[in-house]
Amino acid sequence: MIYQTAADWRDAPHKKVLLFGMSGLGKTHVASMLRGTGQWFHYSVDYRIGTRYMGEHIADNFKREAMRVPLLRELLLTDSVYIASNITFDNLAPLSTYLGKPGGAAKGGLPFAEYLRRQDQHRVAENAALLDAPAFIARAHDLYGYANFVCDSGGSICEVVNPENPADPVLSTLAANLLMVWIEGSDEHSEELARRFDRAPKPMYYQPAFLEAAWADYGSETGQTAESVDPDAFVRWTYRRALAHRQPRYAAMARHWGIKVAAADVARLRSPHGFVELVAHALEAQA
């Protein structure tokens, strides 16, 4: 780790951290709080994915839909209109919409093969966005004068790396440049995340093997065909599996590559100083 002790961390003139864990446990809350001081550069992996690496896929999907409308088709073919996504740190809906959900077309679902293709595009994009972090550390300091750097990773980071491999190229690069901090949720947090997801199911990235097994098992349990699957019902069912699947992978990332802090403690943070002290205590506990 780039900070071996709490003193190393507290005294560092340039603090660099990567936050990881399930979406909804406080990564963006902390990153936004730090950014608000004007002393921390906030690098959002999901924003980078949506703007740099998936932007053309997203825009092309919008255009594909627009080409079905005669008026818009004519305007597009004559370059009379411009179609693009408007992704922000707080609104990643264009990326989620493009990823989609598998299931019956009549219910808004994607064919499973197309869903897998888009999932693979996301995997490639997420790896690239994570590997861009060191360049943005330098850019944030040299171009904008930021002393500190926080990387707000997506919840699927544990799906695109192998935390048990000491030579994993993504984790090796990240750990050499940032302190990796897992925001660990409790069983109660998992239940709340699942309830929240049930109310508003959204597309996510999953490992291919996990996803294919979930798709097969869902069909076996429900007796539904690919065309009869309700996309929202499938992703709700899959999300609870994903919580259990990801937890040991996050734990391995923290064990081999970083530290962990409790989501309950993160929720109580009200200042950057509090965050610095929380990380310092985690380093002391690990030592």
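From a predicted model like this one, the values you see are computed outputs, not experimental measurements.

**Some remarks on helix 10 (residues 187–199)**
Link 1 in the chain: The terminal C-alpha atoms of helix 10 lie 19 Å apart, and with 13 residues this matches the ideal 18 Å at 1.5 Å per residue to within 8%.
Link 2 in the chain: Residues Leu-193, Ala-194 and Phe-197 constitute the buried set of helix 10. Projected onto a plane normal to the axis of helix 10, the buried residues spread over an arc of 100° and lie on a single side. The exposed residues of helix 10 that point more than 90 degrees off its buried face are Glu-188 and Arg-199.
Link 3 in the chain: Contacts made by the buried residues of helix 10 are with helix 12 (231–257).

**Things to note about the side chain of Gln-121**
Link 1 in the chain: Of note, Gln-121 is situated in helix 7 (residues 112–131).
Link 2 in the chain: There is a polar contact of 2.6 Å between the side chain of Gln-121 and the side chain of Tyr-98.
Link 3 in the chain: Residues in contact with Gln-121, not counting those within four places in the same chain, are Met-54, His-57 and Tyr-98.

**Section: the pairing of strand 4 (residues 179–184)**
Link 1 in the chain: Where burial is concerned, most of strand 4 is hidden: 5 out of the 6 residues are buried.
Link 2 in the chain: With 4 bridges connecting them, strand 1 (residues 16–20) and strand 4 associate as parallel partners. By the bridge assignment for strand 4, Leu-18 is matched with Met-180.
Link 3 in the chain: Relative to strand 5 (residues 258–262), strand 4 runs parallel, the two being bridged by 5 bridges. Along strand 5, the bridge assignment pairs Glu-184 with Ala-262.

**Brief notes about the packing of helix 10 against helix 12**
To characterise two packed helices, one gives the angle between the axes of the helices and the distance between these axes.
Link 1 in the chain: In contact at an axis separation of 10 Å, helix 10 and helix 12 are set at 160° when each is read in the N-to-C sense. Taken together, the axes of helix 10 and helix 12 are roughly antiparallel relative to one another. Of the two possible hands of crossing, helix 10 and helix 12 adopt the one that is right-handed. Of helix 12, the residues touching helix 10 (which contributes Ser-190, Glu-191, Leu-193, Ala-194, Phe-197 and Asp-198) are Val-235, Arg-236, Tyr-239, Arg-240 and Leu-243.
Link 2 in the chain: When the residues that make up the contact of helix 10 with helix 12 are grouped by side-chain class, the tally is 6 nonpolar, 1 polar and 4 charged.

Cut-offs used in this document
Residues numbered from 1 in each chain as written. Predicted model: local features only at pLDDT ≥ 70, side-chain atom pairs only at ≥ 80, totals over all residues. Heavy atoms only, no water. Helix = DSSP H or I, 4+ residues; strand = E, 2+ residues; numbered from the N terminus. Expected span 1.5 Å × (residues − 1). Buried < 20%, exposed > 50% of the residue type's maximum accessible area, 1.4 Å probe, protein only. Arc of directions from axis to C-beta. Contact = heavy atoms within 4.5 Å. Polar contact = N/O pair within 3.5 Å; in protein donor to acceptor, adjacent residues only side chain to side chain. Pairing = 2+ DSSP bridges. Axes fitted to C-alpha atoms, helices over the stretch in contact; angles between N-to-C directions. Parallel < 35°, antiparallel > 145°, perpendicular 65-115°, else oblique. Left-handed = near helix turned anticlockwise from the far one by under 90°. Nonpolar A, V, L, I, M, F, W, Y, C, P; charged D, E, K, R; others polar.

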